[in-house]
Amino acid sequence: MKILVVGKGGREHALITALEESPVATELYCFPGSDAIQPLAQSVEVDGLQSLIEWMVGHQIDLCVAGEESYLVKDEGLANLCEKVGIPCWGPHKQSAQLEASKEFAKEFMLRHDIPTGAATGCANINEARAAIGGVYPTVLKFDGLAAGKGVAVCENEASAEDFLNEVLVERKFGAGRLLVEECLVGPEVSIFAAVCDEEYLIFTPARDYKRIGDNDEGPNTGGMGAVASRQLVDAETLALIEKTIVKPTVDGLVKDGLPYRGYLYFGLMMTAAGPKIIEYNCRFGDPECQAVMPLVQGDLASFCLAASKGEMKPDLLSFDEGWSVCLILASAGYPASSRSGDVISGLQDVDDARVYHAGTKRNADDQWETNGGRVLAVVAGGEDRMSAVDLAYSELAKISFAGAQQRTDIGRMHFEG
Ligand code: AMP
Ligand code: GLY
């Protein structure tokens, strides 16, 4: 089976590893790919989406898997273009991917289908936003477009809200677009992933990610500094409630609205005192949750994705381990405001009891690995219980070093107290 995965980060490294470990014979490609992914999946060097489609047709690709989101909504949309040329795509059509690309579209979808979420108001300019905030803090401000995980600010006071409003609506840091002022929800967060195939779905192992750069959830938001995954993260009763109030109504809503969906759908949830509420949809797997979840997935992921992208859900092809998986991110100096490249990474060869997925690395002229991006590496370890996975992940991570490396020390510990 010839599979092309779109993306280049740690999530794609984990996805490709899982596809490669599938029992079915695979020939893997990655666009744009990376030096670390290259031994598993050859990098495809083309310029732009249309050339990628032509390349896939020329190379008789059987399945295209969307790792990252941007191509889903670019030009005519990755899945739409794949459909035109008859290549099955694991990732939704452009119109459905608005669930991630537009916070306002997603909010209207949730309201239309009675899916629990925080109240919100869409705003076109800073005055409308100030009026919508109405002096109530904390408040949550969300840029209405793709912003690589940086478009959301939880503001405790007027000063921080004004800063963010200025960046987004005056300086236009993320480009043109509206902003959503949202009710601040309180509670532990959980990420739920479903493989969606038309009106059917399969829920994968739940995960929790740690978005802030610093310990104790302090400092700015990042793409994610670590994650834990386990079926035990959410008890059966709560998972049944999430399925009934959020997952099923979403999948039914997509069908009702005529929004074609075959691919992963990510539900970012807040477990509030009033029950689970959705804070965001993403039309792909989470990063770094994918790195934590994939080692727990057993079976034939490649055949599962191919069948589901052709409209046939085959849940029996997969099973999920009961244990825990912990993913720790090593980020480069300056992240998340900037990132430093060119720091040589040492110790990778000493890691023997964890998986290492590369996010921002490259091979230098001396054949060493060096940093090449904000999030650099993900170290993932498993265990029967949470703390054994945490301890193993941290002891393996300690073997790796590079100048300026940043990490959190409380992944898998914080949010599990008591
Ligand atoms: P998002 O990019 O939508 O996942 O938002 C990033 C982070 O902002 C989430 O993981 C939450 O920690 C926080 N967040 C988003 N929406 C809300 C909300 N309505 N209330 C409180 N925190 C939120
Ligand atoms: N870990 C959060 C995300 O993938 O959006």
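Remember, it's a predicted structure, so these values are computed and weren't measured experimentally.

Undergrad: What should I look at first to understand the overall build of the protein chain in this one?
TA: Secondary structure summary: the protein chain contains 12 helices and 24 strands in total. Relative to the compact-globule value of 22 Å for 418 residues, the protein chain shows a C-alpha radius of gyration of 21 Å, a close match. C-alpha extents for the protein chain along the principal axes are approximately 55 × 45 × 45 Å. Across the 418 residues in the protein chain, those meeting the buried criterion constitute 56%. Considering only contacts within the protein chain whose residues lie at least 6 apart along the sequence, 69% involve residues at least 24 apart. For the protein chain, the accessible surface area stands at approximately 16,700 Å², while carbon and sulfur atoms represent 48% of it.

Undergrad: Even after reading the chapter, I still don't get the packing of aromatic side chains, so can you show me in this structure?
TA: Each aromatic ring pair is characterised by the separation of its centres together with the angle its planes make. Per the stated rule, a full pass over the model turns up 15 aromatic pairs. Between phenylalanine 267 and tyrosine 281 the ring centres are 5.7 Å apart and the planes differ by 65°, which places this aromatic pair in the edge-to-face class. Of this pair, phenylalanine 267 sits in strand 16 (residues 262–272) while tyrosine 281 sits in strand 17 (residues 275–282); the two residues are 14 residues apart in sequence, bridging distant segments of the chain. Here arginine 208 stacks its cationic end above the ring of phenylalanine 416, 5.2 Å away from the centre of that ring.

Undergrad: When you look at the site of ligand 2 in this model, what are you seeing that I'm missing?
TA: Taken together, the residues surrounding ligand 2 are Asp209, Lys211, Gly223, Tyr266, Asn282, Arg284, Gly286, Asp287, Pro288 and Glu289. Between an oxygen atom of ligand 2 and a side-chain N or O atom of asparagine 282, the distance comes to 3.5 Å. With respect to ligand 2, the backbone of aspartate 287 contributes an N or O atom lying 2.9 Å from an oxygen atom. Compared with its free state, where it exposes 200 Å², ligand 2 has 91% of that area covered by protein. Class assignment for the residues of the shell around ligand 2 results in 2 nonpolar, 3 polar and 5 charged.

Undergrad: Would you mind going over the environment of valine 251 with me for this structure?
TA: Within the element layout of this structure, valine 251 appears in helix 9 (residues 236–256). In this structure, valine 251 is in contact with Val196, Asp198, Glu199, Glu200 and Tyr201, ignoring residues within four places of it in sequence.

Undergrad: What is the right way to look at the sheet that holds strand 8 (residues 152–155) in this model?
TA: Two orientations exist for strands paired in a sheet by backbone hydrogen bonds: parallel and antiparallel. The strand order across the open sheet formed by 4 strands is 6-9-7-8, and the pairing between neighbours is antiparallel. Of all the strands in the sheet, the pair left with one neighbour each is strand 6 (120–123) and strand 8. Across this sheet, the average inter-strand angle for adjacent strands is 20°, counted without regard to direction. With 4 bridges joining them, strand 6 and strand 9 (residues 179–182) adopt antiparallel strand pairing. Bridging from a neighbouring strand, cysteine 123 pairs with leucine 179 of strand 9. Relative to strand 6, helix 7 (residues 126–133) is tilted by about 165°, and along the sheet it contacts strand 6, strand 7 (139–143) and strand 9.

Undergrad: For this particular structure, what's the right way to read the site of ligand 1?
TA: Near ligand 1 you find 14 residues, and of these Glu182, Leu185, Glu189, Lys211 and Glu280 are the closest. Measuring from a nitrogen atom of ligand 1, one finds a backbone N or O atom of leucine 185 at 2.8 Å. The side chain of glutamate 280 places a nitrogen or oxygen atom 2.4 Å from an oxygen atom of ligand 1. Within the complex, 93% of the 470 Å² of free accessible area of ligand 1 lies under protein. Taken together, the elements giving at least two residues each to the shell around ligand 1 come down to strand 7, strand 8 and strand 17. The residue inventory of the shell around ligand 1, partitioned by class, reads 7 nonpolar, no polar and 7 charged.

Undergrad: Teacher, can you tell me more about the pairing of strand 20 (residues 324–331) here?
TA: Looking along a regular strand, one sees the side chains alternate between the two faces of the sheet. Counting buried residues in strand 20 gives 8 out of 8 residues, a clear majority hidden from the surface. On strand 20, burial covers both faces: Trp324, Val326, Leu328 and Leu330 on one face and Ser325, Cys327, Ile329 and Ala331 on the other are all buried. Alignment of strand 15 (residues 226–230) against strand 20, held across 5 bridges, turns out to be antiparallel. Within strand 20, the residue paired with serine 230 across the bridge is tryptophan 324. The pairing of strand 20 with strand 24 (residues 375–383) spans 8 bridges and is antiparallel. The residue of strand 24 that forms the bridge with isoleucine 329 is alanine 378.

Conventions used here
- Residues numbered from 1 in each chain as written.
- Chains lettered and ligands numbered in written order.
- Predicted model: local features only at pLDDT ≥ 70, side-chain atom pairs only at ≥ 80, totals over all residues.
- Heavy atoms only, no water.
- Helix = DSSP H or I, 4+ residues; strand = E, 2+ residues; numbered from the N terminus.
- Rg over C-alpha atoms; globule rule 2.2 N^0.38 Å.
- Buried < 20%, exposed > 50% of the residue type's maximum accessible area, 1.4 Å probe, protein only.
- Contact = heavy atoms within 4.5 Å.
- Areas by Shrake-Rupley, 256 points an atom, 1.4 Å probe, with all protein chains shown as cover.
- Phe/Tyr/Trp six-rings, centres within 6.5 Å; stacked < 30°, edge-to-face > 60°.
- Lys NZ or Arg CZ within 6 Å of the ring centre and 35° of its normal.
- Near = heavy atom within 4 Å.
- Polar contact = N/O pair within 3.5 Å; in protein donor to acceptor, adjacent residues only side chain to side chain.
- Nonpolar A, V, L, I, M, F, W, Y, C, P; charged D, E, K, R; others polar.
- Pairing = 2+ DSSP bridges.
- Axes fitted to C-alpha atoms, helices over the stretch in contact; angles between N-to-C directions.

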